[in-house]
Every structure is written in C-alpha cells, then in structure tokens.
Number of protein chains: 2
Amino acid sequence: MENKNCSLCLFKSKAAKNLSDPELKQMGNSCAEVVFRKGDTIFKENALSSNIIYLQKGLVKLLIEGPHQTQILRLKKAPCYLGLPTTMGDKVNHYSAVAIEPTTACFIDINTFKNLLKINPDFSFEIITELCRNELEQFHRCVKLIQNQIYGRLANHLLNLSTEVYESTEFKLPLTRNEIADLVCTSRETVSRLLSDLSKEKIIQVDGKQVRILNQALLEKISDKG
Amino acid sequence: MENKNCSLCLFKSKAAKNLSDPELKQMGNSCAEVVFRKGDTIFKENALSSNIIYLQKGLVKLLIEGPHQTQILRLKKAPCYLGLPTTMGDKVNHYSAVAIEPTTACFIDINTFKNLLKINPDFSFEIITELCRNELEQFHRCVKLIQNQIYGRLANHLLNLSTEVYESTEFKLPLTRNEIADLVCTSRETVSRLLSDLSKEKIIQVDGKQVRILNQALLEKISDKG
DNA sequence: AAAATAATGTGATGTATATCACATTATTCC
DNA sequence: GGAATAATGTGATATACATCACATTATTTT
C-alpha cells in the first residue's frame, strides 16, 4: 500500500485533516486495506481488539449479544471510524461489526493510532468531539428504542435508511426481516405485520426488500410520536 | 478559591493526574465550586452548555425528555466528570443533571478545559479513554433496558445501587417510585408491585425507601436473565 | 434444474405491563 | 400541629406484542 492512497482516503475524515504529511505517512505504513462481502465479519465481540478501522466504502451493522437476542446497536455508513470505543475502551471488543453491503475497510494499528493521538492534539481533539457526538446520538437512539412502540421504531429506521444511508425515497432493504427485528428489538413476525400495515396505510410501498416511501411526513410523525 | 484546593480535588480524576502544577492552577483559576441540595438542577437540557462539571461529592441523575416520559439515562456518583459529551458534543445540552443527594460540583470553563486538552496530550488521551469506556457501558445499559423485562431491569438497578453507589447491602433509595419508573422505563404502579413481589419472594426487604438485599445471588440471576 | 435451505406471511392464543380508579400514607408548608 | 400536597399501594380492565404453528415463497447449493 502507498502513502498516497492512505492520505487521500483519510482526508475524508475530519479528524485526519489535522494530521501532517509525515503523520499520515506513519498511519499509512501501519494500515491494511481489506475488502468484505455482504455477511462478512469485520471484527467480533470478545475477540482481542487491536485495530481502529476506517470504513472507506460500504455499510456495516454493529451487533451485541443481549440477554435474549442479538441486538443491532446501529448501522454505520462509510466514511467513518469503526470500533473507536470498543478498541480504546477495553482490550476486548464489546460488539461485532458485520458488513451488510460490499465494504472496504482500513485496519489501522492501535499503537500507531494511539501514538498519533499523543503527538497531535488537534487530531485527538477532533476524535474527542466525534466521540461526544456519537454518545449524544446514542442516548437519543436508546431513549427512542425504549419509549417508542415498535411501529414508531420501525418508522424511525425506515426514515434513517432513506435520508441518511441511501439518500433516496426508494431503496433496497439491506437487512432481512429477522435483522430488522434485531434492530428494533421485536420478533420477525411483528416486522412482517407492521410493514404490511404501513403498506396498507399507503405510507410506504413494499415489494420484498424493495421499499419506497410514499408519505414521509406521516412516517416522521409515527417515528416521533411512537 | 485557591489553587491548592482544586488540585487536591482534581487529583481524584485519573485524567487530571496528567496535568502539571501550572495547568492545574490554570484550571483552578476558572473553576467555581457550587453546592446543591437534593432536587436542585445542575444543568438543564436545551440550555447553552458552557461548563465541564467535576462532581466532587454527591449523587446525580441525568435526565432526557423522551417522546412519552422523561427518561433517567443514568445515575452518576462522585468523583467523576459530568456533561463531557453534552458540552463537547454540541452547543446546547442534550440532557439535564439533577442532584438526588447533597452534591458539590466544580464548574470548569469549557474554553479552559478545551485548552488543556490541546496542550496536554496525556490528559486528552485519558479523556478519550474515559469517553470510550462510558460509551461501552452505555451500549450495555441500553441493550439491557430494551431486552430485559421490567423485573430484570429493576433487579439490575437495585444491584447497581447496592454495589456501585452505596457499597452496602442496605441503603435508602435516593429516588421515588416515580423516578425508579423513569429509570427502568415503566409506570409507578408497576414499580410498586414488583418491589413488593421481590419482597414477598424474600429477595429484598423493603420498608418505604429503606431497602436491604437479602438474596444477592438470586437478584443477579434476575438481573441477567430478565 | 432439482433439492435443500433460508426467508417470509398470517392466523390463533397467551401474557407482561399500561392505564384507570380510588384508598392510604408520608411530607411539606404555613 | 393541622391543612395541603405529594407519594404510594392495589384491584380491575385493556392492549401491544410475543410465541407457536404452519403454509408459501425466495435463494443457495450441487
């Protein structure tokens, strides 16, 4: 791998904009690019965590084993860092990451990353800011997940896929009904039923995994009110 | 306020151990100590966030307005930082902090704090580590909250109060049944019923707010299994 | 292309827990 | 210390959703 490639890739990250050329080179030298197919595991819960991952391209789900079922914590879309909390926060991963679309990821050695944090305060300041924003998002996601009924949670995730992930009112679901159930914490059957309810109400149009949002305003209301 | 006091106080924080004498002095100079009584608000959701708070003494609840009820995100026990994510992550607070016991807190000016992050990489590294650990904890809390039934969540919080907060099998609940409901996301009535169920099963002993844990092993099993 | 496997839809039934209603007991306040 | 207010306990009823059961349809695999 060449330094040139890495610096181009990492320049998408706000934090890495603070890195100097030699620092980027240093990162590039301990950085390995890996391609994943749909379904491939990028890192696994309980395995030793030794890399920060920079998602160059693709879409990933973060999974954690709950007391009753695996929970999809959130989806992460490139470009972004992956596994910052789980790699910096403990020796062992507290969740898994699995590609749900063809994905390219850079594995950055944790010691190199830590070193950059220590020698470049602007870089580390941006990382702090990003961690803080993530945590705030996570608080909101969590409260919504607990307090909203499933209809509202489902609406929320459909909107999220439409506006954040695919930036289109029509898209192909990257998840099975079972995975959607793990995301909104319900059963597969309920997902089926509620999707066809939304369809009957002409709020969305569903054909297998193909989804089109017909009434975004109403979907937003459902997402907010529960 | 004197520098001497502040450095003593902040030395309890792992991150602040990396601060030099002049840096501690700098922090001390833009640091105000405030005493709160039970029920006092320390900072409020949606207000402009301008301070990092170091909890010297006491116990605090973090509140966020949910779509259906206020949610208690978590309890925070001194000594710890308060409002790191909400102050660094946005201009405005995403949650409130309210004292639930007599509490002493130091308000550190955000600009001073940011400056220290920029000039002292070891300090900022520790803050990153703490943020990461918090986020991991939060993931686990969230999954437990969604997947466990209320009996399990209640057990979990009773254990937490016993082992983390009061470090005793007997303690006085710092929350009303209503607040416990906001914590485990249920109704006041259900909290009443489940507490007396736990009592009938001889797992805990309840007299008003006074609680004694009689069968910790079983309580842990309930907390884990749901 | 056939066989095997995985994903999905849909009815019937059960249950945890919300909600309403009201009685009882603590706390706070003047 | 009595009045007002807040906190708590407990029954009856309603409901969102889980779970089970099975039919149907996609998707892989060979």
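In this report, we go over the structure that sits alongside the text. Each chain carries its own residue numbering, running from 1 in the written order of its sequence. Both sets of labels track the order of writing: A upward for chains, 1 upward for ligands. Given that the model is predicted, a residue must reach a pLDDT of at least 70 before its local features are reported, and side-chain atom pairs must reach 80 or more before they are shown or counted; all residues, however, enter totals for whole chains, interfaces and linings. As a rule here, side-chain values cover all heavy atoms of the structure and leave hydrogens and water aside.

## As for the sheet that holds strand β10 (residues 204-207) of chain A
Residues and elements named next belong to chain A.
In step 1: Strands sit in the order β9-β11-β10 across an open sheet of three strands; the sheet is antiparallel. At either end of the open sheet lies a strand with only one pairing partner, and these are β9 (170-172) and β10. Between one strand axis and the next, the sheet turns through 15° on average, direction left out of account.
In step 2: The criterion for strand pairing is that DSSP finds at least two bridges linking the strands in question. Counting from the N terminus, the helices are DSSP H or I runs at least four residues long and the strands are E runs at least two residues long. Across three bridges, β9 lies against strand β11 (residues 210-213) in antiparallel orientation. When the bridges of β11 are listed, E170 appears paired with R212. Here, axes are lines fitted to C-alpha atoms. For helices the fit covers the stretch in contact, and angles between N-to-C directions go from 0 to 180 degrees.

## A look at the protein's contact with DNA strand D
In step 1: We call a residue near a molecule or strand whenever a single non-hydrogen atom of that residue lies within 4 Å of it. Among the 15 residues in the neighbourhood of DNA strand D, the closest are listed as T186(A), T190(A), R193(A), R177(B) and S192(B).
In step 2: Expressed as a percentage, the sugar and phosphate content of the atoms of DNA strand D within 4 Å of the protein is 58%.
In step 3: What qualifies as a polar contact is a pair of N or O atoms within 3.5 Å, subject to a donor-acceptor requirement within protein and to the restriction that residues adjacent in sequence count only when both atoms come from side chains. One of the side-chain nitrogen or oxygen atoms of T186(A) is found 2.6 Å away from a phosphate oxygen of DNA strand D.
In step 4: Within the contact set of DNA strand D, a base oxygen lies 3.1 Å away from a side-chain nitrogen or oxygen of R188(B).

## Quick notes on the packing of helix α5 (residues 121-147) of chain A against helix α4 (residues 110-119) of chain B
In step 1: With their axes 8 Å apart at the nearest point, α5(A) and α4(B) run at an angle of 130° to one another. In terms of axis orientation, α5(A) runs oblique to α4(B). Contacts between α5(A) and α4(B) involve P121(A), D122(A), F125(A) and I128(A) from the former and K114(B), L117(B) and K118(B) from the latter.
In step 2: Under the scheme applied here, ten amino acids are nonpolar (Ala, Val, Leu, Ile, Met, Phe, Trp, Tyr, Cys and Pro), four are charged (Asp, Glu, Lys and Arg), and all others, including Gly, are polar. Classifying every residue of the contact of α5(A) with α4(B) gives four nonpolar, no polar and three charged. Each angle receives one of four descriptions, namely roughly parallel if under 35 degrees, roughly antiparallel if over 145, roughly perpendicular if within 65 to 115, and oblique otherwise. The contact criterion used throughout is that any non-hydrogen atoms of two residues lie within 4.5 Å.

## Observations concerning the interface of chain A and chain B
In step 1: Contact residues are listed per partner, giving 45 residues for chain A and 45 residues for chain B.
In step 2: Carbon and sulfur atoms supply 74% of the area that chain A and chain B bury against each other, a total of about 4300 Å² over both sides.
In step 3: Here a salt bridge means any side-chain nitrogen of Lys or Arg lying within 4 Å of a carboxyl oxygen belonging to Asp or Glu. Our count for the contact surface shared by chain A and chain B stands at two salt bridges.
In step 4: Its salt-bridge partner being D122(B), residue K118(A) comes within 3.4 Å of it at the nearest N-O pair.
In step 5: Across the contact surface, chain A and chain B share 13 residue pairs in polar contact (both at pLDDT 80 or more).
In step 6: Of all the secondary structure elements, the ones that give two or more residues to the side of chain A that touches chain B are β5 (70-77), α3 (84-88), α4 (110-119), α5 and α9 (216-225) of chain A.
In step 7: Considering each element in turn, the side of chain A that touches chain B owes the most residues, 21 residues, to α5(A). In short, buried area is how much 1.4 Å probe accessible area vanishes from two parts on joining, totalled over both.

## A short note on the pattern of salt bridges
Residues and elements named next belong to chain A.
In step 1: Taken as a whole and assessed by the stated rule, the structure comprises 20 salt bridges over all chains.
In step 2: For K77, the salt bridge goes to E167, with nearest N and O atoms at 3.2 Å. With K77 in strand β5 and E167 in the loop between α6 (150-165) and β9, this residue pair connects regions lying 90 residues apart in the sequence.
In step 3: Whether a residue is buried, partly exposed or exposed follows from its accessible area with a 1.4 Å probe, protein chains only, as a fraction of its type maximum: under 20%, in between, or over 50%, in that order. Owing to a relative accessible area of 59%, E167 belongs among the exposed residues under this scheme.

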